[in-house]
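# Survey of secondary and tertiary structure
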Amino acid sequence: MGCFASTPKDSGGNRRKPTSIGEVSVYVPGLRIPRPVEFLQSLEDQLPKNLVERLTALRTRIVVMANQEGPTITRTRRKTQHGSTLSDLHQALVDYLPVLLGLTKDGSHLQFKVQFNWVNQEDEEEETAMSNVWYEVLSVLHLMAMLQMSQANLLLLPRGFSDGHTHPKVSEENRRASIDIFLKAAGYLDCAVKHVLPQFSAEQRRSLPVDLAEGVLRALCLQALGQGVDIQLGMAIDNSKATLAVKRRLSCEMVKYWQQAQDNLMNLPLANGWGEKHRLFVKWKYVEAKAAAYYYHGLILDEGNTEKSHGMAVAALQAADECFKESKKASEAFNASSPTSRTPPLFGTLKYLTEKIPKDTSSKVRINRDLYSYEKIMETAPTLPDFALALKPDEYQLPLVEAS
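Note that the structure is predicted; figures quoted are calculated from it, not measured. (Residues numbered from 1 in each chain as written. Predicted model: local features only at pLDDT ≥ 70, side-chain atom pairs only at ≥ 80, totals over all residues. Heavy atoms only, no water.)

As a further point, take the overall build of the chain. Broken down by element type, the chain carries 11 helices and 6 strands. Looking at the chain as a whole, 56% of its 404 residues are labelled buried. The long-range share in the chain, meaning contacts at least 24 apart out of those at least 6 apart in sequence, stands at 81%. Accessible surface, the chain: about 17900 Å² in total, of which carbon and sulfur atoms supply 50%. (Helix = DSSP H or I, 4+ residues; strand = E, 2+ residues; numbered from the N terminus. Buried < 20%, exposed > 50% of the residue type's maximum accessible area, 1.4 Å probe, protein only. Contact = heavy atoms within 4.5 Å. Areas by Shrake-Rupley, 256 points an atom, 1.4 Å probe, with all protein chains shown as cover.)

Laid out in structure tokens, this is it:
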């Protein structure tokens, strides 16, 4: 059960894509926008009138806010205004979910009575409608996660200071807060994959827009975790007590998160600009993470006293330099793709690596090639260490059904 319908991409103007989304530290592939729903028409003979009116009021609030702010919410705006908008819309979704879940209680037939319609961002089809409450729950969790990612982007845009700093920077408070936000977003997406997608039959899952495909949900979850580790690495770089081993472990974990994110997006029909930009962002961050991992692996190998370890160190640092050059090209391709974007002033991991990788690679290669013959220097990069992934999504559970 659960009928669905899709609206062709050329049928109207509901899907509005900005030409530019400004500075991007955290990529959000647009926000799916809910369309109005006729609860009264579908449920007037099934539920008390006051409950139908409550459902209607809660969802109408979301529709109004999302349609007003959704098309522009991914653009960079003043933090105070933008942050409150994100928080208000997120809270509206939190208030709606326990009431909505009442329609699923004990396998209720009510879960197939109402048709829910949402505007897609990464799918070829402009809109997808399904008569299934679980489609609405999945869409709500996805939107809650994207609002959190948008909030993290705001926190991680460097700002100027009046205390003598000449370069914009991101405060440690904002960095720590962003990690919590990433874990919360990952928790919503993890719940969607583990507890909501299984409510759909195989046929129904094939009818979902690509925005809600399992691969996209998993990739977004892994992106949140990967960006959380990136912030942890930046904080470790700023901490004089953090060892090279700690920095290498974090950078190697970051590679695994981004590689898994890239694998999950592979072969998915991402479209409408947002989707292709999504793929380019993951590619960029994956290559950038490899540059960091090879760099720290190379520094540790160089601490060895053998000819072999020095040769492997040179190979690792050369790999870091090549990955870093490739990441700059990937960043340019991402920013140039529609909707266009800009890389904010450098901070944290990327700022440090931009300064250190070219300089240290050139120095180590020159010193070690003076010491050993070219033939003895490994020409292929050594394998990166394999570490277990430490950062996990928050354990988010669907709320209890409201007593009413």
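Another aspect to go through is the environment of arginine 54. Along the chain, arginine 54 falls in helix H2 (residues 49–69). The exposure class assigned to arginine 54 is partly exposed, which follows from its relative accessible area of 35%. C-alpha of arginine 54 to C-alpha of valine 99: the two residues are 45 residues apart in sequence and 8.4 Å apart in space. The contact partners of arginine 54, leaving out residues within four places of it in the chain, are Val99 and Glu402.

Structurally, threonine 380 is set in the segment after helix H11 (348–371). Threonine 380 gets classed as exposed once you look at its relative accessible area, which sits at 55%. Along the chain, threonine 380 and alanine 315 lie 65 residues apart, while their C-alpha atoms are 6.2 Å from each other.

Counting residues in each nonpolar core, the largest one holds 125 residues, and the members touching the most others are Phe39, Leu43, Tyr96, Phe116, Val137, Leu138 and Phe200. Sequence-distant contacts of leucine 43, that is, excluding residues within four places in its chain, are made with Val52, Leu55, Leu103, Leu110, Lys113 and Val114. (Core = buried A, V, L, I, M, F, W, Y, C linked by side-chain atoms within 4.5 Å.)

Here the chain shows a mean pLDDT of 86. Residues at 70 or above account for 87%. Note on residues 9–13: pLDDT under 50 across the span, and 7 contacts to partners over four residues away in sequence or across chains. The low-confidence segment residues 374–378, where pLDDT is below 50, has 10 contacts with residues more than four positions distant or belonging to other chains. (pLDDT = per-residue confidence, 0-100.)

Let us look at the packing of aromatic side chains. Under the criterion given, the structure shown has 10 aromatic pairs. Relative to phenylalanine 281, the ring of tryptophan 258 has its centre 5.9 Å away and its plane inclined at 75°; by these criteria the two rings are edge-to-face. Separated by 23 residues along the polypeptide, tryptophan 258 in helix H8 (residues 244–265) and phenylalanine 281 in helix H9 (residues 274–301) bring together distant segments of the chain. Each member of the pair, tryptophan 258 together with phenylalanine 281, is buried. Feature note: the residues Tyr27, Trp258, Trp274, Phe281, Trp284 and Phe334 constitute an aromatic cluster, connected by ring pairs. If you follow lysine 277 out to its NZ or CZ, it ends over the ring of phenylalanine 334, 4.1 Å from the centre. The positively charged end of lysine 285 is found above the aromatic ring belonging to tryptophan 284, 4.2 Å away from the centroid. (Phe/Tyr/Trp six-rings, centres within 6.5 Å; stacked < 30°, edge-to-face > 60°. Lys NZ or Arg CZ within 6 Å of the ring centre and 35° of its normal.)

Take the packing of H8 against H9 next. Interaxial distance between H8 and H9 falls to 8 Å at its minimum, and their mutual angle equals 155°. When the axes of H8 and H9 are compared, the pair comes out roughly antiparallel. Note that H8 runs across H9; the crossing there is left-handed. Counted by class, the contact of H8 with H9 contains 17 nonpolar, 5 polar and 6 charged residues. (Axes fitted to C-alpha atoms, helices over the stretch in contact; angles between N-to-C directions. Parallel < 35°, antiparallel > 145°, perpendicular 65-115°, else oblique. Left-handed = near helix turned anticlockwise from the far one by under 90°. Nonpolar A, V, L, I, M, F, W, Y, C, P; charged D, E, K, R; others polar.)

With that settled, the discussion passes to unusual backbone geometry. Negative phi is the rule for most residues except glycine; trans is the rule for most peptide bonds. Note the cis peptide between serine 338 and proline 339, where omega equals -5°. Inspection of the secondary structure assignment puts proline 339 in the loop between helix H10 (307–336) and strand E6 (340–342).

Now for the environment of histidine 278. Turning to its location among the elements, histidine 278 is positioned in helix H9. Taking the C-alpha atoms as reference, histidine 278 lies 7.9 Å from valine 28; in sequence the two are 250 residues apart. Only 2.9 Å separates the side chain of histidine 278 from the side chain of glutamate 122, close enough to count as a polar contact. (Polar contact = N/O pair within 3.5 Å; in protein donor to acceptor, adjacent residues only side chain to side chain.)

Alternating positions in strand E5 (residues 127–130) separate into two faces, Glu127 and Ala129 on one and Thr128 and Met130 on the other, with burial throughout. In this sheet, E5 lies alongside strand E4 (residues 116–119) in antiparallel orientation, the contact comprising 4 bridges. When the sheet's bridge partners are listed, asparagine 117 is paired in E5 with alanine 129. (Pairing = 2+ DSSP bridges.)

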